[in-house]
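Architecture and fold: a report
For reference, the chains in residue letters:
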Amino acid sequence: MGYGLPTSVEINGMEFPIRYDFRVILDIFEALNDPELDDQERSFVVLHMFYPDFERLTDYNTAIHEMFRFINMDQKEEQKKQPKLVDWEQDFPYIIAPINRVLGYETRSVSYDPDTNTGGVHWWTFLSAYTEIGDCLFAQIVGIRSKKAKGKRLDKSEQEFYRKNKSIVDIKTRYTDSENELLKMWTGRG
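Values in this document were obtained by computation on a predicted structure and should not be read as measured data.

What counts and how
- Residues numbered from 1 in each chain as written.
- Predicted model: local features only at pLDDT ≥ 70, side-chain atom pairs only at ≥ 80, totals over all residues.
- Heavy atoms only, no water.
- Helix = DSSP H or I, 4+ residues; strand = E, 2+ residues; numbered from the N terminus.
- Expected span 1.5 Å × (residues − 1).
- Buried < 20%, exposed > 50% of the residue type's maximum accessible area, 1.4 Å probe, protein only.
- Arc of directions from axis to C-beta.
- Contact = heavy atoms within 4.5 Å.
- Core = buried A, V, L, I, M, F, W, Y, C linked by side-chain atoms within 4.5 Å.
- Pairing = 2+ DSSP bridges.

1. Focus on helix α3 (residues 60-71)
Here α3 contains twelve residues, and its C-alpha end-to-end distance of 16 Å stays within 8% of the 16 Å for a straight helix at 1.5 Å per residue. For α3, every residue scored as buried is listed here: A63, I64, E66, M67, F70 and I71. Angularly, the buried residues of α3 cover 165° about the axis, an arc narrow enough to put them on a single face. Buried residues along α3 sit in contact with β1 (8-11), α1 (22-32), α2 (39-50) and α5 (123-130). Just downstream of α3, M73 is the residue with a positive phi angle, here 55°.

Structure (structure tokens):
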């Protein structure tokens with residue numbers, strides 16, 4: 001059983017430091033969802049973000065695998081396709097307050113220097129707090145998303161909440177700049 005918070009991973013017998021702060025991981029999620037990047041560009045960007053010694057990497061596939069293993073707290077990913085209930089970028093304003101409550105401090109105020117890879121709030125600490133947030137606005141948002149994804153009927157209070165807060169409940173689709181221009185032409189907006 002490991003009790004520590006890892007700050008490095010092993011790739012082909014060599015130890016590589018990692019950027020472990022929650023902000024780096026959330027930035028990685030943002031890059032992975034960037035419609036302007038193709039798969040190869042996404043891989044390059046996230047590896048560069050995660051590994052301070054990116055230039056030393058020779059096995060990119062293992063490096064990606066180790067990055068996701070870290071992000072998932074060494075847990076195996078379930079292969080079953082699940083509906084998307086959380087968008088870290090869109091939901092961050094609703095996630096951070098309950099995480100701060102669980103941890104007992106403002107996580108964003110903890111300094112982290114990605115160049116020296118020091119300080120910060122470890123991703124595993126952040127994710128552990130996330131799993132304990134309990135009843136809050138974010139839990140209500142996810143609950144409604146879950147019911148809608150499963151085709152379940154919302155009760156009256158959930159229907160009212162959804163009607164008033166559709167913009168925070170519905171996960172927004174991200175388009176490339178060219179797709180946005182095309183949508184503007186079709187809808188006459190812009």
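2. What about the nonpolar core?
Counting 41 residues, the largest nonpolar core has Y51, F70, W88, W123 and F126 as the members making the most contacts within it. Mapped by element, the contributors of at least two residues to this core are β1, α1, α2, α3, α4 (88-103), α5 and α6 (137-149). Contacts of F70, omitting those with residues within four sequence positions, involve P6, I18, Y20, I25, F50, H122, W123 and W124. Grouped together as the second largest cluster of nonpolar side chains are seven residues, I141, L154, Y162 and V169 included.

3. Some words on the pairing of strand β2 (residues 14-17)
When β1 meets β2, the two strands line up antiparallel, connected through four bridges. When the sheet's bridge partners are listed, E10 is paired in β2 with E15. Following β1, the chain reverses through two residues before pairing antiparallel with β2; N12 in that reversal takes a positive phi of roughly 50°.

Scope: geometric values only; no functional claims are made or implied.
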